[in-house]
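Residue-level structural notes
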Amino acid sequence: MKKRYVLAALEAMTVFAGCGDNASQQKNTDNTTQESTAEDDLTEEEQAARAEQNHTCDGITVSGIELPWYVQLQVSSGEDYEFKNEGNATIFQSYEFKLWDLKNNTEYEIPDGQYISVTIPVKEGYEYSIEHLLDNGATETIIPSVNGNTMVFSTHSFSPFGI
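Residues numbered from 1 in each chain as written. Predicted model: local features only at pLDDT ≥ 70, side-chain atom pairs only at ≥ 80, totals over all residues. Heavy atoms only, no water.

**Some words on the overall build of the protein chain**
Going by this rule: Secondary structure counts use DSSP, requiring at least four H or I residues in a row for a helix and at least two E residues in a row for a strand, with both numbered from the N terminus. Here a residue-residue contact requires only that any non-hydrogen atoms of the pair lie within 4.5 Å. Surface accessibility in these figures is a Shrake-Rupley result with a 1.4 Å probe; residues are shielded only by whichever protein chains are displayed.
Within the protein chain, the secondary structure is distributed over one helix and 15 strands. Once local pairs closer than 6 in sequence are excluded, the contacts in the protein chain between residues at least 24 apart make up 65%. As displayed, the protein chain has an accessible area near 9200 Å², and 43% of this comes from carbon and sulfur atoms.

Quick look at the structure:
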């Protein structure tokens, strides 16, 4: 019998850190370090490489829309979040996702009417559901697609998610 992971609605915010820094670093093939910033003089190949780096954080990846190469996924673990129904959850993890425009140093908004896919590594053999805290305070339940140890869901906005 499969265990069910139940997600709870989030009630608090947290500070972004880790790969969510506005200028993260990557190792080049010659072992030098390069800052991930929005440089205007990058070749298409360099932009594609930068997009791959910027669209992934802590194993979590975004895709599905023509996300510019200079938009960076920022992920914050919500260890400090309070859950409305935490006692009902078998196991849960909370996250807050943000897209950051490195060129303009502002938050990037998903265009109206478009959805972005989020891919998250998970434990295989479980059922998952996601509670998404919307900007207006309401929550929506998202049932993700799970294939092996990978979970994928689509969303039209980023804010706190409980998994």
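**Side note on unusual backbone geometry**
Defined as follows: In this scheme, a residue with accessible area under 20% of its type's maximum is buried, one over 50% is exposed, and one in between is partly exposed, where area comes from a 1.4 Å probe on protein chains only.
One non-glycine residue with positive phi stands out, namely aspartate 58, at about 50 degrees. Within the secondary structure layout, aspartate 58 lies in the loop between strand S4 (56–57) and strand S5 (60–63). Residue class for aspartate 58 comes out exposed when judged on its relative accessible area of 60%.

**Overview of the sheet that holds S5**
Test applied: In this description, strands pair whenever DSSP reports at least two bridges between them.
Ordered by their spatial adjacency, five strands build an open sheet running S4-S5-S9-S14-S13, and the pairing between neighbours is antiparallel. The open sheet has two edge strands, S4 and strand S13 (145–147), and neither has a second partner. Pairing of strand S9 (residues 116–121) with strand S14 (residues 150–155), which is carried by six bridges, proceeds in the antiparallel orientation. Within the sheet, the bridge partner assigned to isoleucine 116 lies in S14 and is threonine 155.

**Overview of the side chain of glutamate 131**
Short version of the rule: Two N or O atoms count as a polar contact when they lie within 3.5 Å, although within protein this holds only if one can serve as hydrogen donor and the other as acceptor, and sequence-adjacent residues are included solely when both atoms are side-chain atoms.
Position of glutamate 131 relative to the elements: it lies in strand S11 (residues 130–133). Among the polar contacts listed, one links the side chain of glutamate 131 to the side chain of threonine 141, at a separation of 2.5 Å.

**Notes on the confidence of the model for the protein chain**
How we decide: pLDDT runs from 0 to 100 and stands for how confident the predictor is about each residue.
Predicted confidence across the protein chain gives a mean pLDDT of 75, with 66% of residues reaching 70 or more. Here residues 1–18 scores under 50 on pLDDT; set against residues more than four positions off or in separate chains, the count is 67 contacts. pLDDT under 50 marks residues 20–35. Its contacts with residues more than four places away, or in other chains, come to 34 contacts.

**Some thoughts on the packing of aromatic side chains**
Put simply, the rule reads: What counts as a ring pair is set by centres within 6.5 Å for rings of Phe, Tyr and Trp (its six-membered ring), and what kind of pair is set by the plane angle: stacked under 30 degrees, edge-to-face over 60, tilted for all other angles.
Overall, the coordinates contain six aromatic pairs when judged by the stated rule. Here the aromatic rings of tyrosine 95 and phenylalanine 97 are separated by 5.7 Å at their centres, their planes lie at 15 degrees, and the arrangement is stacked. Overall, the relative accessible area of 2% leaves phenylalanine 97 in the buried class. When the centroid spacing of 6.4 Å and the interplanar angle of 75 degrees are considered together, the rings of phenylalanine 158 and phenylalanine 161 count as edge-to-face. Comparing phenylalanine 158 with phenylalanine 161, the two get one shared label, buried. Members of the aromatic cluster, joined through ring pairs, are Tyr95, Phe97, Phe153, Phe158 and Phe161.

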